[in-house]
Amino acid sequence: MYAIECNNLTHYYGSKLVYEDLNFKVEEGKILGLLGKNGAGKSTTINIMNGFLHPTSGECLIYGEDSQHLTPATKEKIGFLIEGHIQYSFMNVHQIEKFYSGCYRRWDSKPYWELLSKLKVTPTQKISRMSCGQRSQVALGLILAQDPQLLVLDDFSMGLDPGYRRLFIDYLREYAKANNKTVFVTSHIIQDMERLIDDVLIMDYNRILAQQPVSEFMNKFRQFDIVLENPDLEFPQTDMAVNIEQILDKVSFYGYATLEEVKGYLSRSGIGYKSIREQEMSLEDAFIGLTGKY
Amino acid sequence: MHKAIFYKEWLKIRWAVGLFLLLGLIVLVNIFLNVRYGVRFMDAHDYWYRIIIQGANYAASLKYIPLLVGLGLGVAQYFPEIVNQRIKLTFHLPIQENKVLLIQQGFGLCCLLLVYALYILIFVMGSSYFFPAEVIQMQLQTILPWFLGGLAAYSLTGLIMLEPLWIYRVLYTIIAYGFVSQYFLQAVPMAYSRVLWVFALLSLVTVIVVLFSGYRFRKGEMHHG
């Protein structure tokens, strides 16, 4: 059984299509990163997965149950981090631990207090008076203490400075791998994802552009920097390229083709070039290369 | 689980409960100071005549206090849930979504009834010092609709606050205003005594309407606005 299985998911906001026939699965024990530009449908997917939005059609199954009608037993298996690390901020750090400990049977307060010991907060400090970074640790600590099988983290990096982001990621990855947890995560800071995720799911408006292990994606997806002989030449579109970006004589050519295949294409098409070289990419470069800058 | 939810709700409304108990106490003490003043320092006979024959209501200043308590407790309980859509956290708890709303609503209702019960107890105790049982009974039938109106206001506040779309909130507010104001129309003593059970029934029905807003939230209505 998959931890998450979305079948033919289609959603419209009024007459505006968000996506049609979206299909993806997340295996148990994997950390999957959902990447996409603003408005690509990340939040829509998270909301459907958590039962806060009825899809126009299709279904999303969490451990085999329709996400719109999750049983309490299945909800207990899911740790949910809401975008912006939203929590009951009218409580203090002690009260919130006391509250959640009464809700979950597998509650283990150790990781919560362990994470909080790294912060300079007192047990009576109200969450509303904490910094964004501190609140992120409270929210993460609560999820870890819940000991869920599946962690759904919506834009966990929002509002965090680099130190807290690193702390969050390192702690999370170590925890997930040591305990065979499944993690479904979105973030608008893609450089964070590279350290964290096993698999990547890249969404663009209305469709999925890539879903595969992040190492496989990084090996197969390439960027070639080409310097043209004729700066006035408009580089032609080709099926070989997923995306082409040109500034005068400099062309960035993104796709799954090898260097030899691209060279072959250039000579067959009679495109003169001064140089061509494969550019090393980070996940962020690859994401922008795949989805385009705009 | 129930205990944990009660704890969360108590953290939200405890200040409001304390504040309203204090407010009620001040208003009631003030009412009986006025009664004492009327009986002892004005013409006692005339005062009795106004109460018994003319049907004057010595508890008139209490009229909108139960309404204020209902509204206040509703806001104290549901406002923290709608800030940043924290109700998502509540719906994500390992308990059926309608059940968690009913537990919250039930707890709020118990606190509200407790505050009301204390008001009424103090009112009866204070009244029994000055008036015979028949007068107190008449006064109780006069003030009960105010409490039932406060109860309805509490429940409808939950409906309005949890509603995901502003346009619906405005619509519900207008309807709720029209509905709740029915409890406060007549100033004549015992005006509602024959239909008191109808008002009580209506107030009880409003307790579950919050489920409708909860359903609309989970359906994702706010995303369609």
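Residues numbered from 1 in each chain as written. Chains lettered and ligands numbered in written order. Predicted model: local features only at pLDDT ≥ 70, side-chain atom pairs only at ≥ 80, totals over all residues.

Explain the overall build of chain B to me, please; I cannot follow it from the model alone.
Within chain B one finds nine helices and zero strands. From first element to last, N terminus to C terminus, chain B shows the α and β order α-α-α-α-α-α-α-α-α. Out of the 225 residues in chain B, the part that is buried amounts to 36%. (Helix = DSSP H or I, 4+ residues; strand = E, 2+ residues; numbered from the N terminus. Buried ≥ 20, exposed ≤ 12 C-beta atoms within 10 Å, placed from the backbone.)

Looking at this model, I keep getting lost on unusual backbone geometry. Mind explaining?
One can expect most non-glycine residues to show negative phi and most peptide bonds to be in trans. All names here are of chain A. Of note in the backbone geometry, Asn-8 takes a positive phi value of approximately 50° without being a glycine. Relative to the elements of secondary structure, Asn-8 occurs in strand E1 (residues 4–13). Its identity is not glycine, yet His-85 carries a phi of approximately 55°, on the positive side. Topologically, His-85 is positioned in the loop between strand E6 (78–81) and helix H3 (93–101). You can call His-85 buried: it has 28 C-beta atoms within 10 Å.

Looking at this model, I keep getting lost on the sheet that holds strand E14 (residues 273–279) of chain A. Mind explaining?
Strand-to-strand pairing in sheets goes through backbone hydrogen bonds, with the strands running parallel or antiparallel. Residues and elements named next belong to chain A. Strand order in this open sheet of four strands is E12-E13-E11-E14, and the pairing throughout is antiparallel. The open sheet terminates on both sides in strands that have one partner only, identified here as strand E12 (241–247) and E14. With direction set aside, neighbouring strand axes in the sheet form an average angle of 20°. Pairing geometry for strand E11 (residues 222–228) and E14, over six bridges, is antiparallel. When the sheet's bridge partners are listed, Ile-226 is paired in E14 with Ile-276. Contacts from helix H9 (residues 259–268) reach E11, strand E13 (250–255) and E14, with the element oriented near 155° to E14. Contacting E11, E12 and E13, helix H10 (residues 283–291) crosses the sheet at an angle of about 95° to E12. (Pairing = 2+ DSSP bridges. Axes fitted to C-alpha atoms, helices over the stretch in contact; angles between N-to-C directions. Contact = placed C-beta atoms within 7 Å.)

I keep staring at the sheet that holds E1 of chain A and nothing clicks. Help me out?
With antiparallel pairing, the four strands of this open sheet are ordered in space as E2-E1-E4-E5 (chain A). Only two strands of the sheet have a single partner each, and these edge strands are strand E2 (16–26) and strand E5 (65–66) of chain A.

Mind showing me how you'd approach the interface of chain A and chain B here?
Interface size is often expressed as the accessible area that is lost when the parts come together. Taken together, the contact between chain A and chain B spans 25 residues of the former and 22 residues of the latter. Those elements that provide at least two residues to the side of chain A that touches chain B are helix H2 (72–75) and H3 of chain A. Of all the elements, H3 of chain A adds the most residues to the side of chain A that touches chain B, at three residues. Here the side of chain A that touches chain B is composed, by residue class, of 13 nonpolar, nine polar and three charged. (Nonpolar A, V, L, I, M, F, W, Y, C, P; charged D, E, K, R; others polar.)

Help me understand the packing of helix H3 (residues 65–82) of chain B against helix H6 (residues 133–162) of chain B in this model?
A pair of packed helices is captured by two measures, namely the crossing angle of their axes and the spacing between those axes. Residues and elements named next belong to chain B. Closest axis-to-axis distance for the H3/H6 pair is 7 Å, and the angle between their directions is 20°. Relative to H6, H3 is oriented roughly parallel. Read as a crossing pair, H3 and H6 show a hand that is right-handed. For the pair formed by H3 and H6, the contact residues are Pro-66, Leu-67, Val-69, Gly-70, Leu-71, Leu-73, Gly-74, Val-75, Tyr-78, Phe-79 and Ile-82 on the first element and Trp-146, Phe-147, Gly-149, Gly-150, Leu-151, Ala-153, Tyr-154, Thr-157, Gly-158, Met-161 and Leu-162 on the second. Grouping the amino acids of the contact of H3 with H6 by side-chain chemistry returns 16 nonpolar, six polar and no charged. (Parallel < 35°, antiparallel > 145°, perpendicular 65-115°, else oblique. Left-handed = near helix turned anticlockwise from the far one by under 90°.)

Would you mind showing me how to read the domain arrangement of chain A here?
All names here are of chain A. Each domain of chain A was delimited in the assignment, giving domain 1 (4–217) and domain 2 (221–291). Tallying the contact residues gives twelve residues for domain 1 and eight residues for domain 2. When residues of the side of domain 1 that touches domain 2 are traced back to their parent elements, those giving at least two are helix H7 (190–196), strand E9 (199–204), strand E10 (207–213) and helix H8 (214–220). At four residues, the largest contribution of residues to the side of domain 1 that touches domain 2 is made by H7. (Domains from an automatic or database assignment.)

Looking at this model, I keep getting lost on the nonpolar core. Mind explaining?
Looking at soluble globular proteins, one finds that nonpolar side chains tend to be buried together. Residues Val-152 and Phe-184 of chain A are the most contacted members of the largest nonpolar core, which totals 117 residues. It is H6 of chain B that provides the largest number of residues to this core, a total of 13 residues. Both domains that furnish three or more residues to this core are identified here as domain 1 (4–217) and domain 2 (221–291) of chain A. Apart from the residues lying within four places of it in its own chain, the contact partners of Val-152 of chain A are Ile-46, Met-49, Asn-50, Ile-78, Phe-80, Leu-81 and Phe-184 of chain A. (Core = buried A, V, L, I, M, F, W, Y, C linked by C-beta atoms within 7 Å.)

Whenever I open this one, the pairing of strand E7 (residues 150–153) of chain A confuses me. Can you help?
Residues in a regular strand point their side chains to alternate faces of the sheet. Residues and elements named next belong to chain A. Going residue by residue along E7, you find Leu-150 and Val-152 tucked away on one face and Leu-151 and Leu-153 tucked away on the opposite face as well. Bridge analysis of E6 against E7 gives four bridges, and the strand direction is parallel. Bridge assignment links Phe-80 to a residue of E7, and that residue is Val-152. Note that the unit made of E7, helix H6 (residues 162–178) and strand E8 (residues 182–186) has a crossover that is right-handed. (Right-handed = clockwise from strand over helix to strand, strands pointing away.)

Is there a simple way to explain helix H5 (residues 132–146) of chain A in this structure?
Each α-helix turn comprises 3.6 residues. Residues three or four places apart therefore point the same way. Residue and element names in this part refer to chain A. Counted at 1.5 Å a residue, the expected span for H5 with its 15 residues is 21 Å, and the 21 Å between its end C-alpha atoms agrees. Counting buried positions over the 15 residues of H5 gives 13, a clear majority of the element. Two residues or fewer past H5, Asp-147 is found with a positive phi of approximately 55°. (Expected span 1.5 Å × (residues − 1).)

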